[in-house]
Amino acid sequence: MSLFADLHHRDTPLLLPNAWDHASAAALAAQGFEAVGTTSLGVAAAAGLPDGAGATRDATLSLALALGNGPFLLSVDAEGGFGDDPDEVAEVARELAAAGAVGINLEDGLGSAPRHAAKIAAVKAAVPGLFVNARTDTYWLGDGDESDTYRRLDAYQQAGADGVFVPGLADEQRIVSLVKTLDVPLNILYSPSGPTVTRLGDLGVRRVSLGSLLYRRALGAALETAADVRAGRTPRGAAPAYDEVEALSQSSEVSSW
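Source: prediction; values computed, not measured. (Residues numbered from 1 in each chain as written. Predicted model: local features only at pLDDT ≥ 70, side-chain atom pairs only at ≥ 80, totals over all residues. Heavy atoms only, no water.)

**Focus: the packing of aromatic side chains**
No. 1: Tallied over the entire structure, the rule returns 2 aromatic pairs.
No. 2: Ring geometry for F4 versus F131: centroids 5.3 Å apart, planes at 85 degrees, classification edge-to-face. Of this pair, F4 sits in helix α1 (residues 3-6) while F131 sits in strand β6 (residues 131-135), and the two are 127 residues apart along the sequence. Like F4, the residue F131 is buried in the burial classification. (Phe/Tyr/Trp six-rings, centres within 6.5 Å; stacked < 30°, edge-to-face > 60°. Helix = DSSP H or I, 4+ residues; strand = E, 2+ residues; numbered from the N terminus. Buried < 20%, exposed > 50% of the residue type's maximum accessible area, 1.4 Å probe, protein only.)

**Looking at the layout of surface pockets**
No. 1: Put simply, the largest pocket is a space of about 880 Å³.
No. 2: What lines the largest pocket is a set of 29 residues, among which A218, A221, A238, A239 and P240 lie closest to the centre.
No. 3: Taken together, the elements giving at least two residues each to the lining of the largest pocket come down to α2 (22-30), α10 (213-230) and α11 (242-248).
No. 4: Residue contributions to the lining of the largest pocket peak at 12 residues, all from α10.
No. 5: Residues that form the lining of the largest pocket fall into these classes: 18 nonpolar, 5 polar and 6 charged.
No. 6: Estimates place the volume of the second largest pocket at around 730 Å³.
No. 7: S40, D51, D77, E107 and R135 are the residues nearest the centre of the second largest pocket, which is lined by 47 residues in total. (1 Å grid on protein atoms, 1.4 Å probe; cavity = no way out; pocket = protein on both sides within 12 Å on 5 of 7 lines; lining within 4 Å. Points joined across faces, edges and corners; volume = space filled by probe spheres on them. Nonpolar A, V, L, I, M, F, W, Y, C, P; charged D, E, K, R; others polar.)

**Observations concerning empty space enclosed by the protein**
No. 1: A complete count under the given rule lists 3 cavities of 30 Å³ or more for this structure.
No. 2: Looking at the second largest cavity, its volume works out to about 40 Å³.
No. 3: Together, L169, A170, I188, L189, Y190, S191, G194, P195 and L200 line the second largest cavity.
No. 4: Looking at the lining of the second largest cavity, its residues break down into 7 nonpolar, 2 polar and no charged.

**Remarks on the pattern of salt bridges**
No. 1: Across all of its chains, the model carries 14 salt bridges by this definition.
No. 2: A salt bridge links E146 to R174, with the shortest nitrogen-to-oxygen separation between them at 3.7 Å. Placement of E146 in helix α7 (residues 146-158) and of R174 in helix α8 (residues 172-181) is noted, with a sequence separation of 28 residues between them.
No. 3: Among the salt bridges present, the one from R151 reaches D148, with a minimum N-O distance of 2.5 Å. Here the residue R151 and the residue D148 both occupy positions in helix α7, the gap between them amounting to 3 residues, near one helical turn.
No. 4: One continuous salt-bridge network, built from bridges that share partners, spans D108, D148, R151 and R152. (Salt bridge = Lys/Arg side-chain N within 4 Å of Asp/Glu carboxyl O.)

**A short note on α7**
No. 1: Counted at 1.5 Å a residue, the expected span for α7 with its 13 residues is 18 Å, and the 18 Å between its end C-alpha atoms agrees.
No. 2: Where α7 is concerned, the buried positions are D148, T149, R152, L153, Y156 and Q157. Looking down the long axis of α7, one finds its buried residues gathered within 165 degrees of arc, a one-sided arrangement. Exposed residues lying more than 90 degrees from the buried face of α7 are S147 and Q158.
No. 3: Contacts from the buried residues of α7 go to α6 (113-126), β6, β7 (163-165) and α8.
No. 4: Once α7 finishes, G160 follows within two positions and takes phi at roughly 115 degrees, a positive value. (Expected span 1.5 Å × (residues − 1). Arc of directions from axis to C-beta. Contact = heavy atoms within 4.5 Å.)

**Notes on the packing of helix α5 (residues 86-99) against α6**
No. 1: Interaxial distance between α5 and α6 falls to 8 Å at its minimum, and their mutual angle equals 45 degrees. Here α5 lies oblique to α6, going by the angle between them. Where α5 crosses over α6, the handedness of that crossing is right-handed. In this structure, α5 contributes P86, V89, A90, A93 and R94 to the contact, and α6 contributes R115, A118, K119, A122, V123 and A126. (Axes fitted to C-alpha atoms, helices over the stretch in contact; angles between N-to-C directions. Parallel < 35°, antiparallel > 145°, perpendicular 65-115°, else oblique. Left-handed = near helix turned anticlockwise from the far one by under 90°.)

**Remarks on the side chain of K124**
No. 1: Structurally, K124 is set in helix α6.
No. 2: Note on K124: relative accessible area 16%, which makes it buried.
No. 3: One polar contact links the side chain of K124 to the main-chain carbonyl oxygen of L130, over a distance of 3.0 Å.
No. 4: What K124 contacts, discounting residues up to four positions off in sequence, is L130, V132, G160 and D162. (Polar contact = N/O pair within 3.5 Å; in protein donor to acceptor, adjacent residues only side chain to side chain.)

Here it is in structure tokens:
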């Protein structure tokens, strides 16, 4: 079992923060996070591209190249794999692994479950050591149909997924019921209005992702700061010093701050 896979089998859930650039990833690593994911929304928004539309393949690979040698384990959000052809998705996975990624997140976008399963199988055949987190959007984009969720996740498990991800699911009873049907770790997207990380762990969840939350809060803080300055108020909140941020850009070395 790889170190990244092992993080999904400890007493407490793996809390995976999601970065959108080198500085955000390096800052999270400096705070002690062993693993860092990327956020497709953050990557897309930074590039002025739509999220979930397969438009960020180059931006995602570029970010993986920038982060892959960092002092943390890198998992990359690759949307639906940037293509419908399983062989093309497998090639993306090869490139991510070559860049240093140890995990990939693949979402079905409520498309064909057999097609998504084929993508997962192709990735595992091409890069067996890459941790595949298979996401279904039954709650994120659909109506939360439990039978469809179970059917899709079972197909993804059978195809070789190392973990499964159900963003939008927050009901505790449904989480417990789902965990009982799985042979692989369950990943849940953290919601400020949902269960805490500790509670999710009690329910059987083994990985908790922050998704685009950090990026959206950073953007919100920027807007609040600009509004405060315009209104003659002292900006609220904390901000790292210039030299601290600059230090984050020095190759892959990260010092605590």
